[in-house]
Amino acid sequence: PRSTPVFSGPFSRSAFQRLLSSLAILEQREGKLNHGSLSAITAARSIGGSIHGFVAGSNVKPVAEEAAKVEGVEKIIAVDNVAYEKGLPENFAPLVVENIKKGGYTHIIAGHTAFGKNLMPRIAALLDSQQISDITAIESENTFVRPIYAGNAIATVESSDSVKIITIRGTAFPAAEAQGGSAAVEDGVDPKSEASAEWISEDLAKSDRPDLATAGKVVSGGRGLKSKEDFDNVMQPFADSIGAAIGASRAAVDSGYADNSLQVGQTGKVVAPQLYMAVGISGAIQHLAGMKDSKVIAAINKDPDAPIFQVADVGLVGDLFEKVPELTEKLKSS
Ligand code: FAD
């Protein structure tokens, strides 16, 4: 059983809160601030205390200036060094640790993104702290809520570590307002640690459609699409008719119908758009783990007993090869 934090006597809650200080790890790519990473600032705000942001990379000044305008941030710690540009955790982790030590922070917060998942366990190990991963709510400065077993159970965990290393689920914390703040920008310490890994190249999937992780509307296709050609022919015009991002089930990805980066679910992306449309997807628990927090869920499936209908707000039983093109035409002309 966990104990309720007690704040009494001279060490009152308000006095304690003044000692809280969070460092939000901000992500940048090629000189552009990743606005999704501003969710870390929102989480820091609900913890209370002072909030600093951290950013590193080559020519990082403009990104730091942009981050300084984010509402609720007191200071941006910036480290300008090309060695950190690609965010390799091998040298980024010791860099952040030096800055944590200098700033004396109580909470270090990053998104539960590929970058955050790569970086934060190393920071936790270097600080001998137990990481608290993928949280969806903050109950107090030491008590956090996180889904476990693919979202089938919710754990409330309490940490007694002096520095709490936290990754947050982006869909649970909206990004902080990019305007309204006027933080100072300060140079961070740079230990210039050698990286034991070398950046060689990256292959990024390019798309003119909205980004899957942050899109307001997502249409996802499953094994019911039958082939890559059918997936493209049915899902692309459908997505474009409503300006949606395209997602896919793991079965569709494993069958080669869709790119790996489009996978939604426990081992794919977690999304919570205003509208999620599942097409030819049965609704396996591992898929639901990535989309069940969507505001409105619509499903098209020829099997009236498909489990997806249990979570869907709107369902259409029928052959997707008839229904989706019909719907696409109607949406295009509306
Ligand atoms: P199926 O379950 O085969 O469903 C296809 C659906 O299409 C059926 O409901 C069928 O009725 C319907 N259909 C077929 N033809 C038509 C038609 N013409 N018109 C209308 N409907 C039609 N899955 C994920 O999606 N994401 C994950 O991240 C993920 N992670 C996993 C992690 C682990 C550890 C494991 C064990 C599994 C994971 N899975 C994940 C796999 C998951 O268990 C399911 O196998 C997968 O989601 C099934 O995909 P599907 O719904 O597309 O395929």
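Scroll up to find the structure this text is about.
A brief look at the structure comes next. (Residues numbered from 1 in each chain as written. Predicted model: local features only at pLDDT ≥ 70, side-chain atom pairs only at ≥ 80, totals over all residues. Heavy atoms only, no water.)

As a volume, the second largest pocket reaches approximately 460 Å³. Lining the second largest pocket are 27 residues, with Arg 223, Ser 249, Gly 280, Ile 281 and Ser 282 sitting closest to its centre. Elements with a contribution of two residues or more to the lining of the second largest pocket: helix H7 (250-254), helix H8 (285-288), strand S16 (296-301) and helix H10 (320-333). Taken together, the residues of the lining of the second largest pocket sort by class into eight nonpolar, 13 polar and six charged. (1 Å grid on protein atoms, 1.4 Å probe; cavity = no way out; pocket = protein on both sides within 12 Å on 5 of 7 lines; lining within 4 Å. Points joined across faces, edges and corners; volume = space filled by probe spheres on them. Helix = DSSP H or I, 4+ residues; strand = E, 2+ residues; numbered from the N terminus. Nonpolar A, V, L, I, M, F, W, Y, C, P; charged D, E, K, R; others polar.)

Leu 26, Ile 41, Ile 76, Ile 109, Ile 135, Ile 166 and Ile 168 are the most contacted members of the largest nonpolar core, which totals 31 residues. The set of elements that each furnish at least two residues to this core consists of helix H2 (39-47), strand S4 (50-57), helix H3 (61-68), strand S5 (75-80), strand S7 (132-135) and strand S11 (164-168). Per element, the largest residue contribution to this core is five residues, and it comes from H2. Residue contacts for Ile 109: discarding those within four places in its chain leaves Ser 22, Leu 23, Ala 24, Ile 25, Ala 40, Ala 43, Ala 44, Ile 47, Met 120, Ile 166 and Ile 168. Among the nonpolar cores identified, the runner-up in size contains 23 residues, and Leu 23, Ile 25, Val 96 and Phe 115 belong to it. (Core = buried A, V, L, I, M, F, W, Y, C linked by side-chain atoms within 4.5 Å. Buried < 20%, exposed > 50% of the residue type's maximum accessible area, 1.4 Å probe, protein only. Contact = heavy atoms within 4.5 Å.)

Positionally, Gly 224 belongs in the loop between strand S13 (217-221) and helix H6 (228-242). Note: C-alpha distance between Gly 224 and Ile 77 (147 residues apart in sequence) is 49 Å. Each residue touching Gly 224, except ones within four places of it in the same chain, is listed here: Gly 280, Leu 320 and Phe 321.

Next up on the list: the sheet that holds S5. If you trace the seven strands from one edge of the open sheet to the other, you get S7-S11-S6-S1-S4-S5-S12, paired in parallel fashion. Looking at strand neighbours, the two that pair on one side only are S7 and strand S12 (184-187), the edges of this open sheet. Going from strand to strand, the sheet's axes swing by 25 degrees on average, the running direction of each strand aside. Summarising the sheet, S5 and S12 pair through four bridges and their orientation is parallel. By the bridge assignment, Ala 78 is partnered in S12 with Asp 187. Relative to strand S6 (residues 107-111), H2 is tilted by about 145 degrees, and along the sheet it contacts strand S1 (21-25), S4, S6 and S11. (Pairing = 2+ DSSP bridges. Axes fitted to C-alpha atoms, helices over the stretch in contact; angles between N-to-C directions.)

We now examine the pairing of strand S10 (residues 153-158). Bridge count between strand S9 (residues 143-148) and S10: six bridges; the pairing is antiparallel. Bridged to Pro 147 within S10 is Ile 154. The turn linking S9 back onto S10 is made up of four residues, and Tyr 149 within it adopts a positive phi angle of 50 degrees.

Turning next to the pattern of salt bridges. As enumerated under the stated definition, the model contains eleven salt bridges in all. The salt bridge involving Lys 102 is made with Glu 186; its shortest N-O contact spans 3.8 Å. Of this pair, Lys 102 sits in helix H4 (residues 89-103) while Glu 186 sits in strand S12, and the two are 84 residues apart along the sequence. Since its relative accessible area comes to 30%, Glu 186 is described here as partly exposed. Between Glu 329 and Lys 332 there is a salt bridge, with the nearest N and O atoms lying 3.5 Å from each other. Of this pair, Glu 329 and Lys 332 both sit in helix H10, three residues apart, which is roughly one turn of that helix. Residue classification places Glu 329 among the partly exposed positions, given a relative accessible area of 48%. Looking at Lys 332, the relative accessible area reads 53%, which means it is exposed. Residues joined by salt bridges that share partners form a network here, namely Lys 75, Lys 102 and Glu 186. (Salt bridge = Lys/Arg side-chain N within 4 Å of Asp/Glu carboxyl O.)

This brings us to the environment of Tyr 105. As for its position among the elements, Tyr 105 is in the loop between H4 and S6. Apart from residues lying up to four places away in sequence, Tyr 105 is in contact with Ser 21, Ser 22, Leu 23, His 52, Ile 77, Asn 99, Ile 100 and Val 163.

Time to look at the side chain of Ser 50. In this structure, Ser 50 sits in strand S4. Its relative accessible area of 18% is what places Ser 50 among the buried residues. Contact partners of Ser 50, with chain neighbours within four places excluded, come to Leu 20, Ser 21, Ser 22 and Glu 74.

What follows covers the site of the ligand. Taken together, 26 residues lie around the ligand, and Arg 223, Ser 249, Thr 267, Ser 282 and Asn 301 are the ones closest in. Between an oxygen atom of the ligand and a main-chain N or O atom of Gln 266, the distance comes to 3.0 Å. Within the contact set of the ligand, an oxygen atom lies 2.7 Å away from a side-chain nitrogen or oxygen of Gln 286. Relative to its unbound accessible surface of 990 Å², the ligand loses 77% to contact with the protein. The site holding the ligand turns out to be the second largest pocket. Those elements that provide at least two residues to the shell around the ligand are H7, H8 and H10. Considered class by class, the residues forming the shell around the ligand number six nonpolar, 14 polar and six charged. (Near = heavy atom within 4 Å. Polar contact = N/O pair within 3.5 Å; in protein donor to acceptor, adjacent residues only side chain to side chain. Areas by Shrake-Rupley, 256 points an atom, 1.4 Å probe, with all protein chains shown as cover. Sits in = over half its atoms within 2 Å of the grid points.)

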